[in-house]
Amino acid sequence: MTRLDAPVQGTAGGLDASAELSAAVECDGPRALLLEAREVPLGGVRGMEVYRALPQRDLPLVGAWCFLDRFGPQETTMRVEPHPHIGLQTVTWPLVGEVRHRDSVGSDVVVRRGALNLMTSGAGISHSEYSLGDGPTALDALQLWVALPDSRRNGAPDFERHEALPTLRLEAAAGADGEATVVMGSLGGVTSPASAFTPIVGAEIRIPAGSRVRVPLRPEWEHAVLGLTGVVDVLDVVDESDGRAAASGDPRPAASVDNRHLLYLGTHRNEVELSSADDATVFLLGGEPFEDEIVMWWNFVGRSHEEVVAAREAWQARGERFGRVIDHGDEWIPAPPLPAVRLTRRRRRV
C-alpha cells in the first residue's frame, strides 16, 4: 500500500511534530521508549482509518524497518491506483479482509490472512491495490517497508508470495506456551522463506490469556513491539552479561502496549517476556542497525535529494523505469510537488 498523504519528509527536512516520542520507560537495563501511532490522512481513499507507528521524529528506523502503517479494523472501500516505489520492500501482512494486488512485474494476487505478500522495488516498480467487491468491506492489515541496502536497492524488481510460514513455540514462564509466526528474517533459529537483504526479524506473536511467554532476542540487534489485539505487558529482561538482569522469575514491566502504540526496546537484550490477561497478539520487528541514513519522501527510499528528484521525474514522465501495472489503463497517482528545500537524510536521535 502506498503512502498517499503528505510526504514523510517535511519541508524543513524533518518529520511532522506529531511524531513525538510519547514516553520513556525506566527499567533496569536499556531504556524502553513508548511511541504513539498517529492517525494520518490518506488522500484519494476517503474514509480509511490509518495509524502510523514508523517513522517517528527521533526514530526513523528499527533495523531496516523504515515504515509501519496499520489500516483498520474498519469497513471501507480501497481503491489505490498504480503508484511507484524505489529502494524498499513492501511487506503486506493482512489481519482481516482481502485485497487484490497487481504490479508491473506481472503479479495479480489476492492478499489474504496468513499469507505474506512481499514486493521488492529495486530501482523501480509500480503496483495497485483494490479491495474486493464494489462496496465497503472489512479490512485490517499491516503495511511495512524495509529499506534496501546498497547491494540490492538498484537491482531488479520482484514479487513473492508465501502461504506457508514457519512458527516458533515460545516457552511460557507462566500459563500456556505462546507461538510466533516468523514473517520475515529469523527468530530463535527459525527462518522465514521470504527474501531478506539485511539481518532482520518480523514476527506475529500470540500470547494466550493469563500467560507470560519468553521471546528470544539477539542482543546486537534493536527491536520493537507493536500491539495488534488486546493489551500486552512487555516485561524487561536484559542481557545478563552486563550485570543488570532482572531478578530470576521477576522481570520488571517495561510498558503496556495496545493497538495504538509501539514499544522500542533498543539493543542489548537477550529476551523479553510478554504477558496478557486476555488472548493478545503483537508484531515484533527488529534487526541489525541499518547501514546508512536514508532520504525518504513519498513512496521513495533513497540516499540523496538528487536520487529522489530523478525518481519523481521518471514517474511523472511515465517512462519505462516503473513499467506498467497489468490490467490498468491510464489510471495512476501523480507524485506530489517536491518541497522548496533540499531533502535531507533522516537522523536517529535515540
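Throughout this document, residue positions are counted from 1 along each chain, in the order its sequence is written. Predicted model: local features are reported for residues with pLDDT of at least 70 only, side-chain atom pairs are reported and counted for 80 or more only, and whole-chain, interface and lining totals are derived from all residues. The side-chain numbers reported here are obtained from all heavy atoms of the structure, hydrogens and water having been left aside.

**Some words on the overall build of the protein chain**
For the protein chain, the count of helices and strands is 1 helix and 27 strands. The buried share among the 350 residues of the protein chain stands at 57%. Here, residues are in contact when the closest pair of their heavy atoms is within 4.5 Å. When contacts within the protein chain are restricted to residue pairs at least 6 apart in sequence, long-range pairs at least 24 apart make up 76% of them. To measure how exposed things are, a 1.4 Å probe is used in the Shrake-Rupley method; for residues, cover is taken only from the protein chains shown. Surface accessibility of the protein chain: about 13200 Å² in total, with carbon and sulfur atoms responsible for 48%. Numbered from the N terminus, helices here are DSSP runs of H or I no shorter than four residues, and strands are runs of E no shorter than two. Only protein chains enter the calculation, and the probe is 1.4 Å; a residue is then buried if its accessible area is under 20% of its type maximum, exposed if over 50%, and partly exposed in between.

**Quick word on the sheet that holds strand S7 (residues 88-96)**
Only when DSSP finds a minimum of two bridges between them are two strands counted as paired. Judged by pairing direction, the sheet is antiparallel, and its 7 strands sit side by side in the order S3-S4-S5-S12-S7-S10-S13 without closing on themselves. The open sheet has two free edges, formed respectively by strand S3 (38-40) and strand S13 (158-162), since each of these has just one partner strand. Here the average twist between neighbouring strands, direction ignored, is 20°. As defined by bridge partners, S7 adjoins strand S10 (residues 116-120) across 4 bridges and the pair is classed as antiparallel. Note that in S10 the partner of Thr92 across the bridge is Asn117. Every angle, taken between N-to-C directions, lies between 0 and 180 degrees, and every axis is a line fitted to C-alpha atoms, over only the stretch in contact when it is a helix.

**Quick notes on the sheet that holds strand S9 (residues 108-111)**
Here 4 strands make up an open sheet; going across it, the order is S6-S11-S8-S9 and the pairing antiparallel. Since the sheet does not close on itself, it has two edges, and those belong to strand S6 (79-85) and S9, each with one partner. Pairs of neighbouring strands in the sheet enclose a mean axial angle of 20°, with direction left out of account. Looking at chain direction, strand S8 (residues 99-103) and strand S11 (residues 125-131) are connected through 5 bridges and run antiparallel. Paired with Asp103 across the bridge in S11 is His127.

**Focus: the pattern of salt bridges**
Counted as salt bridges are all cases of a side-chain nitrogen of Lys or Arg within 4 Å of a carboxyl oxygen of Asp or Glu. Enumeration according to the criterion identifies 24 salt bridges in this entry. With a shortest N-O distance of 2.7 Å, Glu204 and Arg113 are connected by a salt bridge. With a gap of 91 residues between them, Glu204 in strand S18 (residues 200-207) and Arg113 in the loop between S9 and S10 connect regions that are remote in the sequence. Assessed through its relative accessible area of 42%, Arg113 is described here as partly exposed. Across the pair Arg169 and Asp177 runs a salt bridge whose closest N-O atoms are separated by 2.4 Å. The class of Arg169 is exposed, set by a relative accessible area of 58%.

**Re the packing of aromatic side chains**
Only the six-membered ring of Trp is used, alongside the rings of Phe and Tyr, when aromatic pairs are assigned; centres must lie within 6.5 Å, and planes under 30 degrees apart are stacked while those over 60 apart are edge-to-face, with the rest tilted. For the structure shown, the criterion picks out 7 aromatic pairs. A ring pair is formed by Phe300 and Phe322, whose centres lie 6.3 Å apart and whose planes are at 20°; its orientation type is stacked. Pair noted here: Phe300 is in strand S27 (residues 300-302) and Phe322 is in the segment after helix H1 (305-316), with a separation of 22 residues, a long-range link. Following the ring pairs from residue to residue traces out a cluster consisting of Trp297, Trp298, Phe300, Trp315, Phe322 and Trp332. Here, a charge over a ring means that NZ of Lys or CZ of Arg falls within 6 Å of the ring centre while also lying within 35 degrees of the ring normal. Here Arg260 stacks its cationic end above the ring of Tyr51, 3.6 Å away from the centre of that ring.

**Some thoughts on H1**
One fewer than the residue count of a helix, multiplied by 1.5 Å, yields its expected span. In this model, H1 (12 residues) spans 17 Å end to end at C-alpha, consistent with the 16 Å of a helix rising 1.5 Å per residue. All of the buried residues along H1 are His305, Glu307, Val308, Val309, Ala311, Arg312 and Trp315. Close packing links the buried residues of H1 with S6, S11, strand S26 (295-297) and S27.

**A word on the confidence of the model for the protein chain**
Chain-level statistics for the protein chain give a pLDDT mean of 88 and a share of 85% at 70 or above. Confidence per residue, as judged by the predictor, is encoded in pLDDT with a range of 0 to 100. Across residues 2-22, where pLDDT falls below 50, the model places 65 contacts with residues more than four positions away in sequence or in other chains. Note on residues 25-29: pLDDT is under 50 here. Beyond four places in sequence and across chains, it has 16 contacts.

**Observations regarding the environment of Trp315**
Along the chain, Trp315 falls in helix H1. When the C-alpha positions of Trp315 and His85 are compared, they lie 9.6 Å apart, and in sequence the two are 230 residues distant. Apart from residues lying up to four places away in sequence, Trp315 is in contact with Pro82, His83, Pro84, Ser126, Trp298, Phe322, Trp332, Ile333, Pro334 and Ala335. Contacts described as polar in this section are N or O atom pairs within 3.5 Å, which, within protein, must combine one atom able to donate a hydrogen with one able to accept it, while residues neighboring in sequence count only if both atoms come from side chains. A polar atom in the side chain of Trp315 sits 2.8 Å from the backbone oxygen of Ile333.

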